[in-house]
Amino acid sequence: MSANTYPTTVPDSAAAPDPHSSEPSRRDFFVIATGAAAVVAVAGLAWPFIDQMNPDASALALASIDVDISAMEAGQSITVMWRGKPVFIRYRTPEEVEAAKNTPLSDLKDPIARNDNLDSNAPATDENRAAPGREEFLVMVGICTHLGCVPMGEAGDYNGWFCPCHGSVYDTAGRIRHGPAPENMLIPTTAFSDDNTITIG
Amino acid sequence: MQGTSEYQPRTGIERWIDSRMPLPRLMYDSFIAYPIPRNLNYSYAFGAILSLVLVVQILTGVVLAMHYAANSAIAFNSVEQIMRDVNYGWLLRYMHANGSSMFFIAVYIHMFRGLYYGSYKAPREIQWILGVILFLLMMATAFMGYVLPWGQMSFWGATVITNLFSAIPLVGEGITHWLWGGFAVGNPTLNRFFSLHYLLPFMIVGVVILHVWAFHVTGQTNPTGVEPKSRSDVVPFTPHATMKDAVAMVAFALFFAWFLFYLPNYLGHPDNYTLANPLVTPPHIVPEWYFLPFYAILRAIPSKLGGVIAMFASIIVLFFLPWLDRSKVQSAAYRPLYRIFFWIFVVNVICLGYFGAKPPEGWYVLATQLLTAYYFVHFLIIFPLLGYIEKPRPRPTSITEAVLSKHKSGGGGTPAEAAASPERRG
């Protein structure tokens, strides 16, 4: 089948023509030089090909938004978009705040506040979850920490949030109580720029 | 089944080509003269059916890409435009959408066939591993394709599946942002999924070539599990396999056409005809039917990382089957215990699929957990154990003997077969 019937010999290794010489040969030099060039080039070029998939400058630029909450009353919620994600702003009723405050930390599945305004290991008390200085407001990223669905408000066993995808139940402070989600819903960096305006991000 | 080529170039042109680029010789030796066991049944036709469906998917996909726009602002409308305005757009899109379901129906039968007749055993381990790689590539392709119409199920399916990676400790969140190209599923995600959805089928074609090459080296398995030993055990690929595959492909095409023309949306989900809305999750998210058993396994474990690990493990375990199975007997036809456990496993997987479509409430959760446990028990405990405790039935000495005794007596396990089986006497 093969047209090529010339006898060929393949050298055992890339060794020098004189196998008894210990001096590096021209070929040794080329093997090392081209091999090193290939490794460096592939490693160096791999990064741009990988990094191009990361969020680009325009995605990163949508860093913060201002939300006017002057029209909100107790018991109302609004959902705003921040970085392509829903953020829940809930004006909680006194009963909801009370229920969240009266929950002992030992009842929580995730005892950490998950609040970007605080220490990464702050406990998940209600005051560590509520908006700074305004305990009636709860501002959090409305994404279930299980697999990213948007939970439904005023639902579930604790009248907080209930995720329809896989059944995670959150309380009135957005803390995971049972279900597959591992963490409390995230509180983004939040500040009141004035009494009626919340800055997220 | 290697050996000397039987190709004889007859004309001057054939000789001219053969001495330069012997592609006709390769085709002749692979698909005409290639010897196949004489006792292959119709379950062996699904390789050919899969090749047909792959061609259908690539042809319809390339054509659909001429009309589809991978931009989150217009993707949904461009699909509706294909359905309403493009000439025969409805037909091409329904072929492509139902084609993916047909692809999985065929591949699951093909895989169960392999499990039943021990196709993964030595010397066909690489063949089997290439098959599992093909299965993974198919799943990735199907998943990304389902995202492209940018309906509610597209969007939330993409969100849930990409969030699986956020279960990885430390780097999980970075990986999800990298996959999304943002902080949530959005236009960059749609763009890259379209690019990869177009690429992966051609990678599938490449691995299919390796998969076919591998069985042309080892030869096909057959229902007896006894390797061909003489000329009388085999028949040439053409016309025997060619015709049998052709009949099976036509029958499968009828089945396909039934869905295509009478139930085009039966296997889909109505929520996907609603434009993607990042603020509202549909109340009941389910993946396409072919992912349901794995989705059930994901939900069975009451821990995020645990569920993700179990789901991936349920596929990774398939890579190790050639070494988990300790039985020397290849075909389930001669393995009385394995045959029972095989069918229990089939029922187990179907039940997992059924519960995968149910909401995770009440007794469904426990049932799913038990079925998930059995899935792993089957491969990790029953598989190795059977090799030691099972007493296989006597195997025929050759394919020819098995075929002839079957035709003489009208069934296996008869006195005629026993008389011809030296193992039983000794």
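Residues numbered from 1 in each chain as written. Chains lettered and ligands numbered in written order. Predicted model: local features only at pLDDT ≥ 70, side-chain atom pairs only at ≥ 80, totals over all residues. Heavy atoms only, no water.

Enquirer: Describe unusual backbone geometry, listing the residues and the values that go with them.
Expert: Here the amide bond leading from alanine 122 of chain B into proline 123 of chain B is cis, since omega sits at 5°, within 30 degrees of zero. Here proline 123 of chain B is to be found in the loop between helix H5 (89–116) and helix H6 (125–147). Here the bond from threonine 238 of chain B into proline 239 of chain B is cis, since omega is 10°, no more than 30 degrees from zero. Its place among the elements puts proline 239 of chain B in helix H10 (residues 237–262). If you check the backbone angles, asparagine 159 of chain A has positive phi at about 55° while not being a glycine. Take asparagine 159 of chain A: it is sitting in the loop between strand E5 (152–155) and strand E6 (160–162). For leucine 170 of chain B, which is not glycine, the phi dihedral falls at a positive 65°. (Helix = DSSP H or I, 4+ residues; strand = E, 2+ residues; numbered from the N terminus.)

Enquirer: Account for the UniProt feature "domain: Rieske" (unreviewed entry) in chain A, naming residues and giving values.
Expert: UniProt's entry tags residues 109–199 of chain A with the feature "domain: Rieske" (unreviewed entry), counted in the numbering of this structure. Helix makes up 4% of residues 109–199 of chain A and strand 27%. Its end C-alpha atoms lie 29 Å apart. (UniProt positions renumbered as here; feature names shortened; annotations may be inferred.)

Enquirer: Just give me the short version of the packing of helix H12 (residues 304–319) of chain B against helix H15 (residues 363–389) of chain B, but keep the residues and values in it.
Expert: Residue and element names in this part refer to chain B. Contact pair H12 / H15: the axes reach a minimum separation of 11 Å and the direction vectors enclose 30°. With respect to H15, the element H12 is oriented roughly parallel. As for the relative orientation of H12 and H15, their crossing is left-handed in sense. Where H12 abuts H15, its residues Ala310, Ala313, Ser314, Val317 and Leu318 lie against Tyr375, Phe376, Phe379 and Leu380. For the contact of H12 with H15, the per-class residue count stands at eight nonpolar, one polar and no charged. (Axes fitted to C-alpha atoms, helices over the stretch in contact; angles between N-to-C directions. Parallel < 35°, antiparallel > 145°, perpendicular 65-115°, else oblique. Left-handed = near helix turned anticlockwise from the far one by under 90°. Contact = heavy atoms within 4.5 Å. Nonpolar A, V, L, I, M, F, W, Y, C, P; charged D, E, K, R; others polar.)

Enquirer: So, the interface of chain B and chain A: which residues are in play, and what are the values?
Expert: Contact with chain B, which involves 27 residues of that partner, is made by 26 residues of chain A. Taking both sides of the interface into account, the surface hidden between chain B and chain A amounts to around 2,300 Å²; carbon and sulfur atoms contribute 68%. Across the chain B-chain A interface, the total number found is zero salt bridges. If you look at where chain B meets chain A, you find seven residue pairs in polar contact (both at pLDDT 80 or more). Broken down by secondary-structure element, the contributors of at least two residues to the side of chain B that touches chain A are helix H7 (152–163), helix H8 (172–180) and helix H11 (292–300) of chain B. (Buried area = accessible area lost by both parts, 1.4 Å probe. Salt bridge = Lys/Arg side-chain N within 4 Å of Asp/Glu carboxyl O. Polar contact = N/O pair within 3.5 Å; in protein donor to acceptor, adjacent residues only side chain to side chain.)

Enquirer: An account of the state of the cysteines is needed here, citing residue identities and associated values.
Expert: All names here are of chain A. Per the counting criterion, the structure on display carries one disulfide over all chains. For cysteine 149, the disulfide goes to cysteine 165, at an S-S distance of 2.0 Å. Here the disulfide of cysteine 149 and cysteine 165 is left-handed, its torsion about the S-S bond being about -100°. Linking cysteine 149 in the loop between strand E4 (137–141) and E5 with cysteine 165 in the loop between E6 and strand E7 (169–170), this pair joins segments that are 16 residues apart in sequence. Take cysteine 149: its relative accessible area is 1%, and that puts it in the buried class. Here cysteine 144 stays unpaired: no disulfide links it, and the sulfur of cysteine 163, its closest cysteine neighbor, is 3.8 Å away. We classify cysteine 144 as buried; its relative accessible area is 3%. (Disulfide = S-S within 2.5 Å. Buried < 20%, exposed > 50% of the residue type's maximum accessible area, 1.4 Å probe, protein only.)

Enquirer: With reference to specific residues and values, describe the sheet that holds E7 of chain A.
Expert: Strand pairing in a sheet takes place through backbone hydrogen bonds and is either antiparallel or parallel in direction. All names here are of chain A. The strand order across the open sheet formed by four strands is E5-E6-E7-E8, and the pairing between neighbours is antiparallel. Each having just a single partner strand, E5 and strand E8 (176–178) make up the two edges of the open sheet. Where E7 and E8 come together, two bridges link them in antiparallel fashion. The partner of tyrosine 170 across the bridge, within E8, is isoleucine 176. (Pairing = 2+ DSSP bridges.)

Enquirer: Can you break down the pairing of strand E3 (residues 85–91) of chain A residue by residue, with the values?
Expert: All names here are of chain A. Most of E3 sits out of view: six of its seven residues are buried. Taking the residues that link successive antiparallel strands as the turn, the strand E2 (residues 77–82)-E3 hairpin has two residues, and the phi of arginine 83 there is positive, at about 55°. Here E3 runs beside E4; their pairing, made up of five bridges, is antiparallel. What sits directly across from isoleucine 89, in E4, is valine 139.

Enquirer: Could you give me a rundown of empty space enclosed by the protein, with the residues and numbers involved?
Expert: Residue and element names in this part refer to chain B. The tally for this structure, following the rule as stated, stands at two cavities of 30 Å³ or more. What lines the largest cavity is a set of 43 residues, among which His96, Ala97, Gly145, Tyr146 and His197 lie closest to the centre. Of all elements in the fold, only helix H3 (46–65), helix H4 (75–84), H5, H6 and helix H9 (187–218) reach the threshold of two or more residues within the lining of the largest cavity. Ranked by residues supplied to the lining of the largest cavity, first place goes to H5 with nine residues. For the lining of the largest cavity, the class distribution of residues is 27 nonpolar, 13 polar and three charged. (1 Å grid on protein atoms, 1.4 Å probe; cavity = no way out; pocket = protein on both sides within 12 Å on 5 of 7 lines; lining within 4 Å. Points joined across faces, edges and corners; volume = space filled by probe spheres on them.)

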